[in-house]
Amino acid sequence: MYETRIIEATDDGMKDAQNEAVAFLQKGEVIALPTETVYGLAADAFNPEAVAKIFAAKERPEFDPLIVHIASFQDLERVAIVPEDIRETIGKLSNEFWPGPLTIILPKTPQVPDLVTSGLPTVGVRQSGHPMFQSINKALGNPIAAPSANRFGRISPTSASAVMKELGGRIPLIVDAGACNEGIESTIIRIEPREGKKPIFYLHRAGPITKEQLQKFGKVEKVKPGEKLQAPGQLASHYAPLTPFRLISKPDDFTPEPGKTYGLLSYKGEEGGEFVRMHRWDSVVALSPGSGKLSEAAIRLFYAMREMDEMGLDEIIAEPLSEVGLGVAIMDRLRRASA
Ligand code: TXA
Ligand code: MG
């Protein structure tokens, strides 16, 4: 048991927060750090005992590999072997999207402990765009292994208080830099080169970097059925609130049972909306009130799910969004929460 402390990484506190965080990481402890996507549970990726503590704190099965974060592009070859035939593509993708929410699966170097990759020959790598995360990563000097800072199977945290609810007592420190500005986890791809053509990007997880953005550099395809990683992070059921949660596709799909309380997780929450007016909801929470912006909906998604989970409703009903741009990643999370 730890007494979990939250340290604020505000203007004055930046340096103190950074020093403390680095000291814990150097000691082989795991701590929660903000990234631009969601809060991560961080450990020195080259220290297997520290990495083991991540799995313990999250109660995460050891066959679910972790993402490794590098402080600079130069550090890529410390963790991954970049095959010659995709070197140019990696250059282009990193130029365009790093630092940022794109994770690329590459063959790993021997320095990366097997525990990090769950014994896989590959490693998922990204460079976080969060200034606080970056400065801690640089000061540590080693890559940082970090999954989302939630207990296994639960909703990813997008604030320090959400991390506290998930992992309070299990870790010594949470660095609080406010709300995350993407709100959903990074896009994950694997690259397959093709002779004389743009490479194929197999989409392992939809995220803030959209298919439309990736298409400039390659052909985006779904992961081949046989290749689908048997990792829990890829399971249909994930991101689950404790309250029963159901994504419906049209108003007719919902038949309320008498005496039960229902909340609606709505995109815009507008009064005349077909889902809003179909029932006298006990609560309506809008992801992006008013005109509806997908980027705002993504930022608010996990926060709204947590908020509704605490209302003591009998069931949460989610309305669908159209699957374009960021809508793909949001619908992916709603489906998994609903499975
Ligand atoms: O935005 C994010 O990616 C956040 C922040 C903290 O960086 N991290 C995150 O990590 O979402 P996590 O562990 O919750 O999800 C990582 C997923 C795993 O579930 C796994 O399926 C996939 O990445 N993954 C990691 N390494 C892989 C590999 N070598 N091959 C295939 N999938 C891999
Ligand atoms: Mg996760």
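Conventions we followed
- Residues numbered from 1 in each chain as written.
- Chains lettered and ligands numbered in written order.
- Predicted model: local features only at pLDDT ≥ 70, side-chain atom pairs only at ≥ 80, totals over all residues.
- Heavy atoms only, no water.
- Phe/Tyr/Trp six-rings, centres within 6.5 Å; stacked < 30°, edge-to-face > 60°.
- Helix = DSSP H or I, 4+ residues; strand = E, 2+ residues; numbered from the N terminus.
- Buried < 20%, exposed > 50% of the residue type's maximum accessible area, 1.4 Å probe, protein only.
- Domains from an automatic or database assignment.
- Contact = heavy atoms within 4.5 Å.
- Buried area = accessible area lost by both parts, 1.4 Å probe.
- Salt bridge = Lys/Arg side-chain N within 4 Å of Asp/Glu carboxyl O.
- Nonpolar A, V, L, I, M, F, W, Y, C, P; charged D, E, K, R; others polar.
- Axes fitted to C-alpha atoms, helices over the stretch in contact; angles between N-to-C directions.
- Parallel < 35°, antiparallel > 145°, perpendicular 65-115°, else oblique.
- Left-handed = near helix turned anticlockwise from the far one by under 90°.

### So, the packing of aromatic side chains
Summed over the entire model, instances satisfying the criterion amount to 4 aromatic pairs. Between Phe 73 and Trp 98, the ring centres sit 6.4 Å apart and the planes meet at 55°, which makes this aromatic pair tilted. Here the residue Phe 73 occupies a position in the loop between β4 (67–69) and α3 (76–79), and Trp 98 occupies one in the loop between α4 (87–97) and β5 (102–107), the gap between them amounting to 25 residues. Judged by relative accessible area, which is 37%, Phe 73 ranks as partly exposed. Given a relative accessible area of 7%, Trp 98 falls into the buried group. Ring centres of Phe 254 and Trp 281 lie 5.1 Å apart, and the angle between their planes is 25°; this geometry places the pair in the stacked category. A residue pair is termed long-range when its members are at least 10 positions apart, and Phe 254 in the loop between β12 (245–247) and β13 (262–266) and Trp 281 in the loop between β13 and β14 (283–286) qualify at 27 residues. Of the two residues, Phe 254 and Trp 281, neither departs from the other in class, the shared state being buried.

### Concerning the domain arrangement of the chain
Examined at the domain level, the chain breaks down into domain 1 (5–75 + 107–176) and domain 2 (245–338). Computed from C-alpha atoms alone, the centre-to-centre distance between domain 1 and domain 2 is 30 Å. The interface of domain 1 with domain 2 comprises 9 residues on the first partner and 6 residues on the second. Taking both sides of the interface into account, the surface hidden between domain 1 and domain 2 amounts to around 650 Å²; carbon and sulfur atoms contribute 54%. The largest contributions to the domain 1 side of the interface with domain 2 come from Ile 155, Thr 158 and Lys 165, which together make up 65% of the buried area. Salt-bridge contacts for Glu 310 lead to Lys 165; the nearest nitrogen and oxygen are separated by 3.3 Å. Partitioning the side of domain 1 that touches domain 2 into residue classes produces 4 nonpolar, 2 polar and 3 charged.

### Some remarks on the pattern of salt bridges
As enumerated under the stated definition, the model contains 25 salt bridges in all. For Arg 87, the salt bridge identified is with Glu 77, shortest N-O distance 3.2 Å. Residue Arg 87 is located in helix α4, and its partner Glu 77 is located in helix α3; the two are separated by 10 residues in the primary sequence. Overall, the relative accessible area of 45% leaves Glu 77 in the partly exposed class. Residues Glu 185 and Arg 333 are paired through a salt bridge, measuring 2.8 Å at the closest nitrogen-oxygen approach. Remark: Arg 333 occurs in helix α10 (residues 327–338) and Glu 185 occurs in the loop between β8 (173–176) and β9 (187–194); sequence separation between them is 148 residues. As far as burial versus exposure is concerned, Glu 185 and Arg 333 are alike and both buried.

### A short note on the packing of helix α1 (residues 14–26) against helix α6 (residues 131–140)
In a packed pair of helices, the relevant descriptors are the angle between the two axes and the axis-to-axis distance. Where α1 meets α6, the axes come as close as 9 Å, and the angle between the chain directions of the two elements is 50°. As summarised for this structure, α1 and α6 are arranged oblique, according to the angle between their axes. As α1 runs across α6, the sense of the crossing is right-handed. Judged by residue contacts, Met 14, Ala 17, Gln 18, Ala 21, Val 22, Leu 25 and Gln 26 of α1 engage Met 132, Ser 135, Ile 136, Ala 139 and Leu 140 from α6. Looking at side-chain class alone, the contact of α1 with α6 contains 9 nonpolar, 3 polar and no charged residues.

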